[in-house]
Amino acid sequence: TTDEDFRLRIAPYLPKNDEIVSDFLALCRYKHGKGYADSSSFQNLACSITDHEKSEFLFKFNRLFYLAIPPSIFRDAAMMIKSFAMADEKEGSWTRLVIEKPFGRDSESFEKLNASISNIFSESNIFRIDHYLGKEMVQNLMILRFGNTMFERIWSRDDIQSVTLTFKEDFGTEGRGGYFDKFGIIRDVIQNHLLQVLTLVAMEPPPRFCGPDGGDLVRDAKVQVLKSINSITIDDCVIGQYDGYKDDPGVPDDSVTPTYACVKISVNNPRWHGVPFILKAGKALDERKAEIRIQFKDIPAASFMFGSEVPRNELVLRMQPHEAIWLRTNVKSPGFSNEPVRSDLEINYDTTFPGNFNPDAYTRLILDVLRGNHATFVRADELKVSWDIFTPLLHNIEKQKMDVAVYKQGSRGPTQADEFIKQYYTYTN
């Protein structure tokens, strides 16, 4: 593959702006190596990078390496970069690594993987990417919570009945079943994406979000939430598998890997004691969406006052598709009736901010790496505690070959999950 072959391959995925795309493609180079542990390949890569830097006639260059490779070879690549391809730190330059999940399969495998990298690069130069932390609505949680007096004052067990985090896909594994079966929906979505969102919903306000120490202050607050969560047991969840999943190539006939899971989590601290956090994720469901739904408690004596049931208020943040925020309130029914009816106060980003550039999650996160902003990346101690929360459940499912509820493709998921959720959440239509 030549540089030009590489450019032709990626060009169809770029925006249709000839001038910008042409300038970007001119910067793209392709370098082939024999392997991730091959020293000569990395020496050649380093020489190519140095030649390019010299051609720019500048004295300071930073180097960012994005390791979109299997975790089993993270250490080899990191060792070769450390040995041959580092930027010149004497000139004040930096070298940073971006690492893609999966960050292990359980507590033990994570600790081994993390040790293999942290012995080579310091935590300040490692950026573990979780693209959910780059989503507009997830990043908006900070401003919504701590930038509005009305929300932070009611953001606790005193006023909140439940918090539900939902991830739904309307398609199955579609030929990737053999790969997916090694991980399952809990590892793929709940233990990382949704649990990260939970920490932002539940954390205490950090002293600062910005500045050189802002990243660690935010992550310190997130770790305190995770340390308040007990390990999940099978009684805390419902797991399911869609009908036809085992027909996908590579999926064993006796697979118990969940394609759906609904987990109830308790955050055991004074702010959240007694409030259920419900994390739902599944494939081959009735729609595609990801949202944060905060349901508030019943209005005291409302049914006596108005002579009818009054729906609970809700605050909903839709992460995808079409980012939006809506507050479900109750108003008087139009006309002669005094019956309370629900009405939504909605902010739709497509219409409220027309013409504003809203970059995708990876664009935001790569820019954060370049800026050295760690707040939107996952620290090692966060991952250690999050794996400790889910590892006992994952081992029980796999070692005991637990039964999984079968659900139809295109449905809401297992009917057992609806019954499970009703213990903690009241549906409002």
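In short, a report on the structure. (Residues numbered from 1 in each chain as written. Predicted model: local features only at pLDDT ≥ 70, side-chain atom pairs only at ≥ 80, totals over all residues. Heavy atoms only, no water.)

## Observations regarding the sheet that holds strand S3 (residues 126-129)
Spatially, three strands are ordered S1-S2-S3 in an open sheet, and the strand pairing comes out parallel. A strand with exactly one partner marks an edge of an open sheet, and here the two such strands are strand S1 (63-67) and S3. The mean angle between the axes of side-by-side strands here comes to 20°, regardless of whether they run parallel or antiparallel. Across the sheet, helix H13 (residues 361-371) is in contact with S1, strand S2 (95-100) and S3; its angle to S2 comes to roughly 150°. (Pairing = 2+ DSSP bridges. Helix = DSSP H or I, 4+ residues; strand = E, 2+ residues; numbered from the N terminus. Axes fitted to C-alpha atoms, helices over the stretch in contact; angles between N-to-C directions. Contact = heavy atoms within 4.5 Å.)

## A look at the pairing of S1
Taken residue by residue, a regular strand's side chains alternate between the two faces of the sheet. Only one face of S1 is buried: it carries Arg63, Phe65 and Leu67, and the other face, with Leu64 and Tyr66, is open. Sheet topology places S1 next to S2; five bridges connect them, and they run parallel. Residue pairing for S2: Arg63 is matched across the bridge by Thr95. A crossover links S1 with its parallel partner S2, the connecting element being helix H4 (residues 74-84), and its sense is right-handed. (Buried < 20%, exposed > 50% of the residue type's maximum accessible area, 1.4 Å probe, protein only. Right-handed = clockwise from strand over helix to strand, strands pointing away.)

## Concerning the sheet that holds strand S5 (residues 237-242)
Across the sheet, nine strands lie side by side as S11-S10-S9-S8-S4-S7-S6-S5-S12; this open sheet has mixed pairing. Only two strands of the sheet have a single neighbouring strand rather than two, namely strand S11 (340-348) and strand S12 (405-407). Strand-to-strand twist of the sheet, defined as the mean angle between neighbouring strand axes without regard to direction, takes the value 20°. Pairing of strand S9 (residues 314-320) with strand S10 (residues 324-332) involves five bridges; the strand directions are antiparallel. Note on S10: the bridge partner recorded for Val316 is Trp326. Helix H6 (residues 136-146) contacts strand S8 (289-296), S9 and S10 of the sheet and is inclined by roughly 145° relative to S9.

## So, the packing of helix H9 (residues 184-202) against helix H10 (residues 214-226)
It is the contact of H9 with H10, at a shortest axis distance of 9 Å, that shows an interaxial angle of 105°. By the angle between their directions, the pair H9 and H10 is classed as roughly perpendicular. Residues Leu195, Gln196, Leu198, Thr199, Leu200 and Ala202 of H9 lie in contact with H10, whose contacting residues are Lys222, Val225 and Leu226. Split by residue class, the contact of H9 with H10 holds six nonpolar, two polar and one charged. (Parallel < 35°, antiparallel > 145°, perpendicular 65-115°, else oblique. Nonpolar A, V, L, I, M, F, W, Y, C, P; charged D, E, K, R; others polar.)

## Here's the deal with the pattern of salt bridges
By the definition in use, this model includes 32 salt bridges. Residue Asp188 pairs with Lys101 through a salt bridge whose shortest N-O separation is 3.0 Å. Of this pair, Asp188 sits in helix H9 while Lys101 sits in the loop between S2 and helix H5 (107-118); the two residues are 87 residues apart in sequence, bridging distant segments of the chain. According to the relative accessible area criterion, Asp188 is partly exposed, its value standing at 25%. Residue Asp381 pairs with Arg379 through a salt bridge whose shortest N-O separation is 2.8 Å. Each of the salt bridges in this network shares a partner with another, and the network as a whole consists of Lys168, Asp286, Glu287, Lys289, Glu291, Arg293, Glu314, Arg328, Arg342 and Asp344. (Salt bridge = Lys/Arg side-chain N within 4 Å of Asp/Glu carboxyl O.)

## Let's talk about the side chain of Ser228
With respect to the secondary-structure elements, Ser228 resides in the loop between H10 and S5. Owing to a relative accessible area of 14%, Ser228 belongs among the buried residues under this scheme. Within the structure, the side chain of Ser228 is placed 3.0 Å from the backbone oxygen of Gln224, a separation counted as a polar contact. (Polar contact = N/O pair within 3.5 Å; in protein donor to acceptor, adjacent residues only side chain to side chain.)

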